[in-house]
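# Notes for the structure review
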Amino acid sequence: MLFTEIDHVAIAVFDLEAAIAYYRDTFGCEVEHREVVEKDGVEEALLKVADSYVQLLTPSRDDSPVAKYMAKHGEGIHHIGYRVADCGVALEAVKANGHRVIDETPRPGSRGTTVAFLHPKTAFGTLIELVQE
Ligand code: CO
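Quick summary incoming for the structure in this document. The model shown is predicted, which means the values in this text are computed figures rather than measured ones.

## With respect to the environment of P108
Here P108 shows up in strand β6 (residues 107-108). Considered as a pair, P108 and V131 are 23 residues apart in the sequence and their alpha carbons are 9.7 Å apart. Among residues more than four places away in sequence, those in contact with P108 are T113 and V115.

## A short note on the sheet that holds strand β3 (residues 42-49)
Taken together, 8 strands build an open sheet; the order of strands is β2-β3-β4-β1-β5-β8-β7-β6 and the sheet is mixed. Looking at the sheet topology across the chains shown, the edges are occupied by β2 (31-37) and β6. The sheet contact formed by strand β5 (residues 76-84) and strand β8 (residues 128-132) spans 4 bridges and is parallel. Pairing of G81 across the sheet is with E129, part of β8.

## Quick look at the packing of aromatic side chains
For the structure on display, the rule yields 4 aromatic pairs. An angle of 80° between the planes, with centres 5.5 Å apart, marks the rings of Y22 and F27 as edge-to-face. These aromatic residues form a ring-pair network of at least three members: Y22, Y23 and F27.

## Re a nonpolar patch on the surface
Where nonpolar side chains cluster on the molecular surface, the patch consists of M1, L2, F3 and V89 and spans about 440 Å² of accessible area. Its location among the elements puts F3 in strand β1 (residues 3-12).

## Examining the coordination of the cobalt ion
The protein atoms that coordinate the cobalt ion are H8 (NE2), H79 (NE2) and E129 (OE), at distances spanning 1.9 to 2.1 Å. If you list the donors of the cobalt ion from N- to C-terminus, the spacing comes out as H-x70-H-x49-E. Here H8 is found in strand β1, whereas its partner E129 is found in strand β8, with 121 residues between them in sequence. A residue is classified by how much of its surface remains accessible, and H8, at 2% relative accessible area, is buried. Taking the relative accessible area as the measure of exposure, E129 reaches 7% and is therefore buried.

## Some thoughts on the pairing of β3
Regular strands have side chains that alternate between both faces of the sheet. Across 6 bridges, β2 lies against β3 in antiparallel orientation. Paired with V31 across the strands is L47, a residue of β3. Between β2 and β3, which pair antiparallel one after the other, the connecting turn spans 4 residues, and G41 there sits at a positive phi close to 70°. Note: β3 against strand β4 (residues 52-59), 8 bridges, orientation antiparallel. Of the residues in β4, the one forming a bridge with V42 is P59. Count of turn residues in the β3/β4 antiparallel hairpin: 2 residues, of which A50 carries a positive phi of about 55°.

## What to know about helix α1 (residues 16-27)
End to end, α1 covers 16 Å across 12 residues, agreeing with the expected 16 Å (1.5 Å per residue, within 8%). Of all the residues in α1, the buried ones are L16, A19, I20, A21 and Y23. Of the surrounding elements, those touching the buried residues of α1 are β1, β2, β3 and β4. Measuring from the backbone nitrogen of E17 back to the side-chain oxygen at the start of α1 gives 3.2 Å, which picks out D15 as the cap. Count one or two residues on from α1 and you reach G28, which has phi positive near 75°.

What counts and how
- Residues numbered from 1 in each chain as written.
- Predicted model: local features only at pLDDT ≥ 70, side-chain atom pairs only at ≥ 80, totals over all residues.
- Heavy atoms only, no water.
- Helix = DSSP H or I, 4+ residues; strand = E, 2+ residues; numbered from the N terminus.
- Contact = heavy atoms within 4.5 Å.
- Pairing = 2+ DSSP bridges.
- Phe/Tyr/Trp six-rings, centres within 6.5 Å; stacked < 30°, edge-to-face > 60°.
- Patch = residues over 30% accessible without salt bridge, like charges linked within 9 Å, V, L, I, M, F, W, Y side chains within 5 Å.
- Areas by Shrake-Rupley, 256 points an atom, 1.4 Å probe, with all protein chains shown as cover.
- Salt bridge = Lys/Arg side-chain N within 4 Å of Asp/Glu carboxyl O.
- Donors = N, O, S within 2.8 Å, 3.2 Å for Na, K, Ca; no water.
- Buried < 20%, exposed > 50% of the residue type's maximum accessible area, 1.4 Å probe, protein only.
- Expected span 1.5 Å × (residues − 1).
- Polar contact = N/O pair within 3.5 Å; in protein donor to acceptor, adjacent residues only side chain to side chain.

And the structure:
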């Protein structure tokens, strides 16, 4: 098994502060990490839930892929991040099985992780992110 944990469930929201307040006031979730990932055009807030995270994300600019996604689909679950021991090994396994990927090689993600996105077309409609800590 290449997955070691669900790393995060990413939820796209229009108003990051309002979403943070919703999770804090309703469920007592605190923000553990915030980051603007300029390259991806997103601002994210990570809320720790046991050993996983809820990742609230919002576009940091109008032309980012998340902004385009939200213009079409609105708010809601955007992708699932699965934790893996070795992102490169997991990515090669996906390719070796003939499935499409978005990132051909692992790249830096937020909070110092190494990540790779897989194409939803060959993953039953889910955008999957492989996350190596
Ligand atoms: Co993610």
